[in-house]
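# Residue-level structural notes
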Amino acid sequence: MFTPSSSNYHNYLNTLVSESRIIAVSVHYRRPPEHPLPIAYEDSWQALQWVFSHCNGDGQEPWLNEHANFGRVFLSGDSAGANIAHNLAMAAGSVEPELMVDILGVALVHPYFWGSGSIGSEALYPDKKAHVDRLWSFACPSNPDNDDPRINPMLEGAPSLTSLGCRRVLISVAEKDILKDRGWAYYQALGRSGWMGVVEIQETEGVDHVFHLNNLQCQKSKDLIKNLAHFFNRERPHFL
C-alpha cells in the first residue's frame, strides 16, 4: 500500500535511523495488483544482492562503500515487510552458493502471517478476519491458498524454520492486532524448530496493527523504536 517515499514510512525510517545510528536501505518493491507475488519477493532479493555488492567497497553507493558494516546486516519490516523479511531470511539460509555476507538478525514488526484456520483470538473478530482472509488471494492470485508456506510458515509440511539464515530474531506484536497470535505462534515454532539462534518477542499493550506509523511521538512508538535500536546495536544475543 505504501512506498519508501510515503510520509509515514519516510518519517518512521528517519526516526529509526537516528535512534539506532544505522544505515537503512528501504526497498521500493513492486506491489499488487499490477505486480502480483512473487514479484515483491524477487525485487527484495535483488535489492539485498545489490546491498551485498558493496561489501568489498566497490559498489555503486558511496554511503554503503564508506560507512556500512557488513558484519552487522539486519533485515526488518512491518506487516507485509516483515513477511518479506522472513522469506528473504529463509532464502538466504537455503541458497547455494552461500551469500557474500551473513545476515546477523531479523526484526519482524507486527508480521503478516496467516492461515486458513483460526488460532487464538482470531475468531472473536469476524470483520477483521474476513478482511485478512482476502489479502493473500489478492496479492497472490496464482496461489490464493492462505496456507501457502510464504504466508503460513508454521504450517505442518512447510519448509523447516531451521533454514532461517540469521542468528537472532526479534518479533514485535501489538495487543489489539488480529495478527498478534500468528506472531506468537511463529515465536514458539521457531523456538521449537531446532534453529540454532536466539529468538525473542515483545508485545505492546493497548495498540493495534502498525500503530507506530500513525504517531511517532507517542511513548509506545518511542519504546518500540528504542527496542529495535537496542536489538540492532547489541553485541551479543540476549537470552531470555
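Note that the coordinates shown come from a computational prediction; the quantities given were computed from them, not determined experimentally.

### What to know about the packing of aromatic side chains
Under the criterion given, the structure shown has six aromatic pairs. Consider the rings of Phe74 and Phe231, whose centres lie 5.6 Å apart with planes at 65 degrees: the pair is edge-to-face. Of this pair, Phe74 sits in strand E1 (residues 74–78) while Phe231 is found in helix H7 (residues 219–233), placing the two residues 157 residues apart along the sequence. Among the aromatic side chains, those forming a connected cluster through ring pairs are Phe74, Phe231 and Phe232. One Lys or Arg, Lys128, reaches over the ring of Tyr125 and ends 5.5 Å from the middle of that ring.

### Structural notes on the pattern of salt bridges
All chains considered together, the criterion is met by nine salt bridges. Where Lys128 meets Asp208, a salt bridge forms, and the shortest distance between an N and an O atom there is 3.0 Å. Within this pair, whereas Lys128 is found in helix H5 (residues 126–139), its partner Asp208 is found in the loop between strand E4 (198–204) and H7, the two being separated by 80 residues in sequence. Overall, the relative accessible area of 32% leaves Lys128 in the partly exposed class. Between Lys129 and Asp133 there is a salt bridge, with its nearest N and O atoms 3.0 Å apart. Residue Lys129 and its partner Asp133 are located together in helix H5, separated by four residues, close to a single helical turn. A relative accessible area of 13% places Lys129 in the buried class.

### Quick notes on the UniProt feature "active site" (unreviewed entry) in the chain
UniProt annotation of "active site" (unreviewed entry) refers to Ser79 when read in the numbering used here. Take Ser79: it is sitting in the loop between E1 and helix H4 (80–92). Discounting chain neighbours no more than four positions away, the residues touching Ser79 are Val109, His110, Pro111, Tyr112, His209 and Val210.

### Observations concerning the environment of Glu175
Turning to its location among the elements, Glu175 is positioned in the loop between strand E3 (168–174) and helix H6 (180–192). Looking at Glu175, the relative accessible area reads 37%, which means it is partly exposed. In sequence terms Glu175 and Asp208 are 33 residues apart; their C-alpha atoms lie 6.6 Å from each other. Excluding its chain neighbours within four sequence positions, the residues that come into contact with Glu175 are Lys180, Glu203, Thr204, Glu205, Gly206 and Val207.

What counts and what doesn't
- Residues numbered from 1 in each chain as written.
- Predicted model: local features only at pLDDT ≥ 70, side-chain atom pairs only at ≥ 80, totals over all residues.
- Heavy atoms only, no water.
- Phe/Tyr/Trp six-rings, centres within 6.5 Å; stacked < 30°, edge-to-face > 60°.
- Helix = DSSP H or I, 4+ residues; strand = E, 2+ residues; numbered from the N terminus.
- Lys NZ or Arg CZ within 6 Å of the ring centre and 35° of its normal.
- Salt bridge = Lys/Arg side-chain N within 4 Å of Asp/Glu carboxyl O.
- Buried < 20%, exposed > 50% of the residue type's maximum accessible area, 1.4 Å probe, protein only.
- UniProt positions renumbered as here; feature names shortened; annotations may be inferred.
- Contact = heavy atoms within 4.5 Å.

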